[in-house]
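A look at the structure
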Amino acid sequence: MLSVPHQQPNLHVQQAHGPQQRHFNPYTENGGTILAIAGKDFSVIAGDTRQSEGYSIQTRYAPKVFRLTDRAVLAVNGFAADGNMFVKKVRQRLEWYRHAHAKDMPLRAIARLIQTMLYARRFFPFYVYNILGGIEEDGTGAVYSFDPVGSYEREACRAAGAAQSLVQPFLDNQASTAKFSTSRTIPLTEELRSLSFSLSAELFLSGCYPIGNQTLVSSRPTVQTNPYQSARQPRMDNAIYHKWR
């Protein structure tokens, strides 16, 4: 009887001819942190200017806070390319509204517009976390936070980005409890207005972030300077204030 020697299958050949999967990820995380605090007749929106990927810093001068109207400021964080494109699209829609109605869109309507634009792209979303801050038509400060697919909520304070897990508990302790209020806005006093502004600056300075643009939107004129413009942070821009009567 003849015996045929047993041959081991060539696993490498089988794997080469087997099914293969290709991966494609169009997104990346560019780091950074943004936050906003809403008061009785003001809101503070702040963001750092560092743009990174992994362990590399691409630039230290990439703003994350953008003015939309005199009463609305949008902070974006996440994938920088999507964030810049989304801000461009929102500004375009607001310009169309201004030409059609001869006035700026109210803050509440802007929040609904952003929700609609994000949800329309839910199958291939903008990889950005948005915080909208400003003044409502009744003069109260407001902050709206969004996830990438359009879910949003009005809050008294919100942080997003790489340091959210550190900043948000601090905001909840300092800006949402005994010192302020548990409502969606913070009662206004001059002390609390200054505290909200300095609080957001301290959060970035303590986290070694260069705070590039910090905006105070108020329903009444104020005279205030940025107390943190010093030699400690030579790259920190002066605060941008939008005021009206």
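In this report, we go over the structure that sits alongside the text. Just so it is clear, the model here is predicted, and its values are computed rather than measured. (Residues numbered from 1 in each chain as written. Predicted model: local features only at pLDDT ≥ 70, side-chain atom pairs only at ≥ 80, totals over all residues. Heavy atoms only, no water.)

1. Structural notes on helix α2 (residues 80-101)
- End to end, α2 covers 32 Å across 22 residues, agreeing with the expected 32 Å (1.5 Å per residue, within 8%).
- Every buried residue of α2 is listed here: Ala80, Asp82, Gly83, Phe86, Val87, Val90 and Leu94. The buried residues of α2 occupy an angular sector of 150° when projected down its axis, which confines them to one face. In α2, the exposed positions that point more than 90 degrees away from the buried face belong to Lys88, His99 and Ala100.
- Lining the buried residues of α2 we find β3 (51-53), β5 (65-69), β6 (72-78), α3 (107-120) and β7 (128-135).
- Two residues or fewer past α2, Ala102 is found with a positive phi of approximately 60°. (Helix = DSSP H or I, 4+ residues; strand = E, 2+ residues; numbered from the N terminus. Expected span 1.5 Å × (residues − 1). Buried < 20%, exposed > 50% of the residue type's maximum accessible area, 1.4 Å probe, protein only. Arc of directions from axis to C-beta. Contact = heavy atoms within 4.5 Å.)

2. What to know about the packing of aromatic side chains
- For the structure on display, the rule yields 7 aromatic pairs.
- Measuring from centroid to centroid gives 6.3 Å for Tyr27 and Phe79, while their planes differ by 85°, and the two rings are edge-to-face. In this pair, Tyr27 is assigned in the loop between α1 (11-17) and β1 (33-38) and Phe79 in the loop between β6 and α2, connecting sequence segments 52 residues apart.
- You can call Tyr27 partly exposed: its relative accessible area is 22%.
- Each ring, one from Tyr27 and one from Phe124, has its centre 5.9 Å from the other, and the planes form 65°; the classification is edge-to-face. Of this pair, Tyr27 sits in the loop between α1 and β1 while Phe124 sits in the loop between α3 and β7, and the two are 97 residues apart along the sequence.
- One aromatic cluster is present, formed by Tyr27, Phe79, Phe124, Tyr127 and Tyr129 through successive ring pairs.
- Seen from the ring of Phe126, Arg121 lies directly overhead, with NZ or CZ sitting 4.2 Å from the centre. (Phe/Tyr/Trp six-rings, centres within 6.5 Å; stacked < 30°, edge-to-face > 60°. Lys NZ or Arg CZ within 6 Å of the ring centre and 35° of its normal.)

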